[in-house]
Amino acid sequence: MSLPVIGITGRPDRSARPPSLSLFAIGQPYVRAVELGGGAPVVVPPYVEETRLRAIFEHLDGLILSGGGDISPVFYGEENDGLLWLVDERRDRTEILLARWALADKLPLLAICRGIQVLNVAAGGTLVQDIPTQVTNAVSHSSPVAGRPVPKVAHTVEVTAGSRLAALVGAGELDVNSAHHQAVKTVGAGLSTTARATDGIIEGMEAPDHPFCVGVQWHPEVMAESYPEVRRLFEGLVEAAQSK
Ligand code: MN
């Protein structure tokens, strides 16, 4: 059996100097997590013309929508509240297209952090633009050690029994890391909520009529090496990609 090829969406890297030498990037933990899950990772460029993007998509056995900056509210029909971070409409367009194709064509999909928000917007849902200022009594959704990819717990979530997410990581209380200031507000068509933080913030979603469409608001890729139960998300993606 050949190794399933898992696309990971890349991001623009603004650190290039001069900017004419602009870069695309991907966090190495995403690549490592796909390897640990049993797949062959490939990075999908965030800026690529649509017919070429489609050609890439058709070679994939599975897809990871990766983390990053905020999605432009243009894509969910709301005004900019002025609290947005790193908006990039070109990347948004690319990832929303990929998410819609993955939903329509039943391509196995794991949506991480920003990715769960992309998935939701692609399905017609909306987002909370800034949790700290717009959600009362929210827990801290920032990782406790600023500036580091913290592999350990920021808060707990309650995973819904009977969901695909529960089949992977177990139902009930789960410790997760957290590095987001936005979240799913209204849930998009065909998606269901599979995990919530204690403040009610949606932390997991999936498409029940899809073979594997799982979204999480935390960052399992940085925990996959040390935590076998977290690695299950990537193994599950790769298993679904294998039987695609
Ligand atoms: Mn969180």
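Residues numbered from 1 in each chain as written. Predicted model: local features only at pLDDT ≥ 70, side-chain atom pairs only at ≥ 80, totals over all residues. Heavy atoms only, no water.

A.B. asks: Can you explain the environment of Arg-14? Please cite residues and give values.
C.D. replies: In this fold, Arg-14 is placed in the loop between strand 2 (11-13) and strand 3 (23-25). In this structure, the C-alpha to C-alpha distance between Arg-14 and Leu-237, residues 223 residues apart in sequence, is 30 Å. Apart from residues no more than four positions distant in its own chain, Arg-14 is found in contact with Leu-86, Val-87 and Asp-88. (Helix = DSSP H or I, 4+ residues; strand = E, 2+ residues; numbered from the N terminus. Contact = heavy atoms within 4.5 Å.)

A.B. asks: How would you sum up the coordination of the manganese ion? Please name residues and give values.
C.D. replies: The manganese ion binds to the protein through His-141 (ND1), His-155 (NE2), Ser-178 (OG), His-180 (NE2) and Glu-203 (OE); the donor distances cover 2.2 to 2.4 Å. Of note, the manganese ion draws all its donor residues from one chain, in the sequence arrangement H-x13-H-x22-S-x1-H-x22-E. Of this pair, His-141 sits in the loop between helix 5 (131-134) and strand 8 (155-159) while His-155 is found in strand 8, placing the two residues 14 residues apart along the sequence. His-155 shares its class with His-141; the two are buried. (Donors = N, O, S within 2.8 Å, 3.2 Å for Na, K, Ca; no water. Buried < 20%, exposed > 50% of the residue type's maximum accessible area, 1.4 Å probe, protein only.)

A.B. asks: Which residues make up the state of the cysteines, and what are the values?
C.D. replies: Counted by the stated rule, this structure contains zero disulfides. In this structure Cys-113 is a free cysteine whose sulfur lies 16 Å from that of Cys-213, the closest cysteine sulfur available. Classification of Cys-113 by relative accessible area gives buried; the value is 4%. Overall, the relative accessible area of 1% leaves Cys-213 in the buried class. (Disulfide = S-S within 2.5 Å.)

A.B. asks: Got a sec to walk through the side chain of Ser-178? Specific residues and values, please.
C.D. replies: Here Ser-178 lies in the loop between strand 9 (172-176) and strand 10 (183-184). Side-chain polar atoms of Ser-178 contact the side chain of His-155, separated by 3.2 Å. (Polar contact = N/O pair within 3.5 Å; in protein donor to acceptor, adjacent residues only side chain to side chain.)

A.B. asks: Can you lay out the side chain of His-141 for me, pointing to particular residues and giving the numbers?
C.D. replies: The class of His-141 is buried, set by a relative accessible area of 4%. Of the polar contacts made by the side chain of His-141, one reaches the side chain of His-180; its length is 3.0 Å. Side chain to side chain, His-141 and Glu-203 meet in a polar contact 3.1 Å long. Not counting chain neighbours up to four residues away, the residues in contact with His-141 comprise Ile-131, His-155, Ser-178, Ala-179, His-180, Ala-197, Asp-199, Ile-201 and Glu-203.

Note that every value here comes from positions in space, so none of it alone points to a role or purpose.
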